[in-house]
Amino acid sequence: MGPGFKVIPFFIENGEEMFFNFFQNLWTFLYLDTLYSWVMRAAPEWLFNIMYLLAMQTWVATTFLFPVPVPVKAIAHIGQPVVVKAGETEVQFQERVKSSVNSLIEEKLGGRRHRSYWGGIRLRFANRKRD
């Protein structure tokens, strides 16, 4: 990855809203995810690794076993390419890409960072013609 290499920032609006999972949303609503991460960070490394694997396996199992599809409109937003400059470090480039993605999200969503199932459903059916 040298000078002239391009990274194209993008995100998918309503991508998280395409599936509703009661168990994952309840876990997040009760802030158990935050509590679990605090405990993980305070644990010794061997326990951290076990807790991490347990969390990932639980997340995958609940993701594929209990999803409820939601008919939202998913829109891919693609930003302007971010080009590596000569003499730029990886950290500097990473910050520019992160800033580009965040500004694209801010521009397209107006700062909304939470899930909005009803907003996604409204978008899905907003432009339908009635017969």
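Worth saying up front: this structure is predicted, and the values here are computed from it rather than measured.

Undergrad: Would you mind going over the packing of aromatic side chains in detail, with residue names and values included?
TA: Per the counting criterion, the structure on display carries four aromatic pairs. Centroid distance Phe22 to Phe23: 5.7 Å. Interplanar angle 75°. Geometry classified as edge-to-face. Residue Phe23 is classed as partly exposed on the basis of its relative accessible area, which comes to 44%. Taken together, the aromatic side chains of Phe22, Phe23 and Phe66 make up a single cluster linked through ring pairs.

Undergrad: Tell me about unusual backbone geometry, and please be specific about residues and values.
TA: Even without being glycine, Tyr31 reaches a positive phi, approximately 60°. Along the chain, the position of Tyr31 falls in the loop between α1 (22–29) and α2 (32–42).

Undergrad: Hey, could you go over the layout of surface pockets for me, with residue numbers and the actual values?
TA: Counted as a void, the largest pocket has a volume near 730 Å³. Every residue lining the largest pocket is counted, 24 residues in all, and those nearest its centre are Gln24, Trp27, Trp59, Thr62 and Thr63. Sorting elements by how many residues they give to the lining of the largest pocket places helix α3 (residues 45–65) first, with eight residues. Residues belonging to the lining of the largest pocket are distributed by class as follows: 13 nonpolar, eight polar and three charged.

Undergrad: So, the packing of α2 against α3: which residues are in play, and what are the values?
TA: Closest axis-to-axis distance for the α2/α3 pair is 8 Å, and the angle between their directions is 150°. By the angle class used here, α2 and α3 are roughly antiparallel. For the pair α2 and α3, the crossing hand works out as left-handed. Residues Tyr36, Val39, Met40 and Arg41 of α2 pack against Phe48, Met51, Tyr52, Leu54 and Ala55 of α3. When the residues that make up the contact of α2 with α3 are grouped by side-chain class, the tally is eight nonpolar, no polar and one charged.

Undergrad: Go over the pattern of salt bridges, please, and point to the residues and values.
TA: Following the criterion strictly, the structure yields two salt bridges and no others. In this structure, the salt-bridge partner of Arg96 is Glu88, at a minimum N-O distance of 2.7 Å. On the basis of relative accessible area, Glu88 is assigned to the buried category, the value being 18%. Of the charged contacts, one joins Glu107 and Lys108 as a salt bridge, the two residues approaching to 3.7 Å between their closest N and O atoms. For Glu107, a relative accessible area of 59% puts it in the exposed group. Overall, Lys108 belongs to the partly exposed group, its relative accessible area being 39%.

Undergrad: Quick one: what's the story with the environment of Ile121, residue by residue and with numbers?
TA: For Ile121, the location among the structural elements is in helix α5 (residues 117–126). When the C-alpha positions of Ile121 and Ile75 are compared, they lie 12 Å apart, and in sequence the two are 46 residues distant. Not counting residues up to four positions away in its chain, the partners in contact with Ile121 are Val70, Pro71 and Val72.

Undergrad: Lay out the environment of Met51 in plain terms, naming residues and giving numbers.
TA: Considering the arrangement of structural elements, one finds Met51 in helix α3. For the pair Met51 and Phe22, spaced 29 residues apart in sequence, the C-alpha to C-alpha distance is 22 Å. Other than its neighbours up to four places away in sequence, Met51 contacts Tyr36, Val39, Met40 and Ala43.

Calculation rules
- Residues numbered from 1 in each chain as written.
- Predicted model: local features only at pLDDT ≥ 70, side-chain atom pairs only at ≥ 80, totals over all residues.
- Heavy atoms only, no water.
- Phe/Tyr/Trp six-rings, centres within 6.5 Å; stacked < 30°, edge-to-face > 60°.
- Buried < 20%, exposed > 50% of the residue type's maximum accessible area, 1.4 Å probe, protein only.
- Helix = DSSP H or I, 4+ residues; strand = E, 2+ residues; numbered from the N terminus.
- 1 Å grid on protein atoms, 1.4 Å probe; cavity = no way out; pocket = protein on both sides within 12 Å on 5 of 7 lines; lining within 4 Å.
- Points joined across faces, edges and corners; volume = space filled by probe spheres on them.
- Nonpolar A, V, L, I, M, F, W, Y, C, P; charged D, E, K, R; others polar.
- Axes fitted to C-alpha atoms, helices over the stretch in contact; angles between N-to-C directions.
- Parallel < 35°, antiparallel > 145°, perpendicular 65-115°, else oblique.
- Left-handed = near helix turned anticlockwise from the far one by under 90°.
- Contact = heavy atoms within 4.5 Å.
- Salt bridge = Lys/Arg side-chain N within 4 Å of Asp/Glu carboxyl O.

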